[in-house]
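Descriptive structure summary
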Amino acid sequence: MGDESSLVVAQAVQDAPIISSYNDRIRPLLDTVDSLRHLMISREGIQLPTIVVVGDQSSGKSSVLESLAGINLPRGQGICTRVPLIMRLMHQATPEPDLSLEFNGKVVRTDEEHVSEAINHATEEIAGFGKGISNAPLTLEVRKNGVPDLTMVDLPGITRVPVHGQPENIYDQIKDIIMEYITPDESIILNVLSATVDFTTCESIRMSQMVDKTGERTLAVVTKSDKSPEGLLEKVTADDVNIGLGYVCVRNRIGEESYEEARVEEARLFESHPLLSKIDKSIVGIPVLAHKLVQIQAASIARNLPAIVKSINDKLNLNVAEAKRMPQKMSSLTEAMTAFMQIIGLAKESLRKILVRGEFDEYPDEQNMHCTARLVEMLNQFSDELHKHAVSDPAEKFLMEEIMVLEETKGIGLPNFLPRSAFLTILQKRVKGISSIPTIFAEKVWSYVEEIVISVMMHHSEHYYQLQLSFRRAGHNLIAKMKERSINWVMEIVEMEKQTDYTCNPEYLSDWNKLMVQQDAFMTYVLTNVDWPSVIKLEGFGEIDVTHLKKYSHLLQQAFDLKMRMTAYWKIVLKRLVDCMALHLLLSIGNLVNKEFEAEIVNELMGPGGGIERMLEESPAVASKRQKINKSIQLLKKSKEVVAKIMDKIGTYND
């Protein structure tokens, strides 16, 4: 009776399709994902729900796929799958199978008898002759009565040791391909394991655990159950390797068995084998595997489809916005002139913001472009440099410069008059000592401004590489003119300071009077003190050794007066240099932005050899970017149309 029951089961399995026609809602969903995959939407960074088939070499991976598809795949020693094989299985009512291969932009029709040979030819065309591999995919579409509605990507089997004709880094190449496909969270990993090995040693398990530690998107199919039935029940129930979606145990087709005969033998094996019959029937057999895969795939697509739709819309909007920001492709000089003047206007406004108004919203994170702040820092450094170089006598030579000058400028006249020539002599010497500092400062400031001006012009003309050389040259010429004017002005200011002594600033007399209050005490100390050394403390100078001054008593009063006058006046000179330089810079930079900039750029570009006509040419970089954006827009629009159709159907179903 038991044998008769087994025969009935076997006959039922043989007569039934591998999976009944699945819900009408699922096939459109799968077609949608396949269409998106065909459009290569992944190039836009949008990942699709995908069943990825991985396994160690000789794990029986090809046998599983053959059983699901009901066709023969390439067999042989070493790696049989040398390229990612996208298998689209589609159940159809008509009995006549329809098979085709798509690769390198072409479609090749084939049939069940020649499909293996056709796959080999296609693989050789993609990956070359020999045993090397390639990441370029090959799509096999199988329309056949009774096959499950599935799309899977079969990847090369994992091997660590290269055989003759394979590159030394074959393992790394295979690993890179596998990791690329199984890393996205949208991928379902179908891990093919041989019952004859310890699962924990399988390389495919190690790789899948790297990207799916909990196993929530990994399903394991155990092949060769008939060859190693001992302990299989314990292995699939213990789950030492975290297979979150469960196990399915199958029997491989043997020899010349037909697929129908193989299914009968598989059913009989798991029904009658003393060990294998103990495994729950919900996790054995190719039909169960097919059902599980279809259900998992459907759930994955349904779960991910809203995010895919959103990603397509978001990326489409981004690309459309980017396309709008691209410079308009110009076909006439009028358009070129309009764009040219727009560039000048934008650059001019940017320069006003950063150089004049101190606004840096266009460059919030680039401190070098916060120009007013940097100019203030430079001006402060200039002031510090001037004061640092101010001449002051060492303590042991106090008043000696003044005494020597008074000796050389004396003339026939009343002895208590201070010679003006003595004051001018010392003043001119001091001004000469700092005369290079304002010039160096002016050069430094204009070098910085040149960097800013050219940076702004390059930014606003980034899409017009033909003009950038002219813009750069114009910026350099403009700053050279401004720098020359500033240096000439600085030299004139320095000469004016040398020329004469004048100020209406009341601080001069105020400071001089404060310093002169100390004169009587100073004179008395120098002339009467007998200590050695003789040191006196003067406000503004600190402790002063005056021992050497006793022999110059006839000039001491005039020298002290001259020293205090020069000290008070020198403060005015240094402040005046800093103030004048600040005002000059504000005026010059304002003129640069508001007057000189536009005129210089227009003269450069509109003059002989300026090349405004070159704006009609589009740079290779811009042309390439425009082409890339347009391709993305077209691809995303097509993708949007594809998903719109399925969303409409889903809406109809929900209604």
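Parameters at a glance
Residue positions are given per chain, counted from 1 along the sequence in the order it is written. For this predicted model, a pLDDT threshold of at least 70 governs which residues receive local features, and a threshold of 80 or more governs which side-chain atom pairs are given and counted, while totals over whole chains, interfaces and linings are taken from all residues. Working from all heavy atoms in the structure, the side-chain values ignore hydrogens and water. To get an axis, fit a line to the C-alpha atoms, keeping to the stretch in contact for a helix; angles then go from 0 to 180 degrees between the N-to-C directions. Secondary structure elements are taken from DSSP: a helix is a run of H or I of four residues or more, a strand is a run of E of two residues or more, and numbering for both begins at the N terminus. Should an angle fall under 35 degrees it is called roughly parallel, over 145 degrees roughly antiparallel, and 65 to 115 degrees roughly perpendicular, with every other angle called oblique. The sense of a crossing depends on the near helix, which, turned anticlockwise from the far helix by less than a right angle, makes the crossing left-handed and, turned clockwise, makes it right-handed. Two residues qualify as a contact provided that any one of their heavy atoms is within 4.5 Å of a heavy atom in the partner residue. Asp, Glu, Lys and Arg are counted as charged, while Ala, Val, Leu, Ile, Met, Phe, Trp, Tyr, Cys and Pro are counted as nonpolar; the rest, among them Gly, fall into the polar class. Two strands pair under a simple rule: DSSP has to find at least two bridges between them. By definition here, a helix of n residues has an expected span of 1.5 Å times n minus one. The rule is simple: take the accessible area with a 1.4 Å probe, protein chains only, and divide by the maximum for that residue type; under 20% is buried, over 50% is exposed, in between is partly exposed. The nonpolar core is taken to be a set of buried Ala, Val, Leu, Ile, Met, Phe, Trp, Tyr and Cys residues, with the residues joined through side-chain atoms within 4.5 Å.

- For the protein chain, an unreviewed UniProt entry supplies the name Dynamin-related protein 4C-like and the organism Castanea mollissima.

Points about the packing of helix α10 (residues 333-357) against helix α18 (residues 553-606)
- Their axes nearest at 10 Å, the elements α10 and α18 cross at an angle of 155°. Taken together, the axes of α10 and α18 lie roughly antiparallel to each other. Where α10 crosses over α18, the handedness of that crossing is right-handed. Contacts from Met-337, Phe-340, Met-341, Ile-344, Ala-347, Lys-348, Leu-351, Arg-352, Leu-355 and Val-356 in α10 reach Ile-589, Leu-592, Val-593, Asn-594, Phe-597, Glu-598, Ile-601, Val-602, Leu-605 and Met-606 in α18.
- Of the residues in the contact of α10 with α18, the class split is 16 nonpolar, 1 polar and 3 charged.

Thoughts on the environment of Met-207
- Tracing the chain through its elements places Met-207 in helix α6 (residues 203-211).
- Residues Met-207 and Val-54, spaced 153 residues apart in sequence, show a C-alpha to C-alpha distance of 9.4 Å.
- Contact partners of Met-207, with chain neighbours within four places excluded, come to Ile-158, Tyr-171, Lys-175, Ile-178, Met-179 and Ile-182.

Observations concerning the sheet that holds strand β2 (residues 85-91)
- Strand order in the open sheet formed by 9 strands is β4-β3-β5-β2-β6-β1-β7-β8-β9, with mixed pairing between adjacent strands. The sheet terminates laterally at β4 (106-110) and β9 (247-249), the two strands that pair on one side only. The mean inter-strand angle of the sheet, taken between neighbouring strand axes irrespective of direction, is 25°.
- Sheet analysis places strand β7 (residues 187-194) next to strand β8 (residues 218-223), joined by 6 bridges and oriented parallel. Bridge pairing links Leu-193 to Val-222 in β8.
- Packing of helix α2 (residues 26-38) onto the sheet brings it into contact with β1 (50-55), β2, β3 (98-103) and β6 (150-154), and relative to β2 it is tilted by some 150°.
- Each of β1, β6 and β7 is contacted by helix α5 (residues 170-182), which is oriented at about 150° to β1, the strand it contacts most.

Quick notes on helix α8 (residues 259-272)
- A rise of 1.5 Å per residue sets the reference length of α8, with its 14 residues, at 20 Å; its end C-alpha atoms lie 20 Å apart and thus fit the reference within 8%.
- Taken as a whole, α8 has its buried residues at Tyr-259, Ala-262, Arg-263, Val-264, Glu-266, Leu-269 and Phe-270.

A word on the nonpolar core
- If you look at the biggest cluster of nonpolar residues, it comprises 90 residues, and the most contacted ones within it are Val-449, Phe-522 and Leu-549.
- If one sorts the elements of this core by residue count, α18 sits on top with 24 residues.
- With sequence-adjacent residues up to four places away left out, Phe-522 is seen in contact with Phe-398, Leu-399, Ile-536, Leu-538, Val-546, Leu-549, Leu-556 and Phe-560.
- Grouped together as the second largest cluster of nonpolar side chains are 39 residues, Leu-73, Leu-99, Met-152 and Val-250 included.

Digging into unusual backbone geometry
- Of note, the phi angle at Ser-58 is positive, near 70°, even though the residue is not glycine.
- Within the fold, Ser-58 resides in the loop between β1 and α3 (61-69).
- With relative accessibility at 58%, the residue Ser-58 sits in the exposed group.
- You will see that Lys-224, though not glycine, has its phi angle at about 55°, which is positive.

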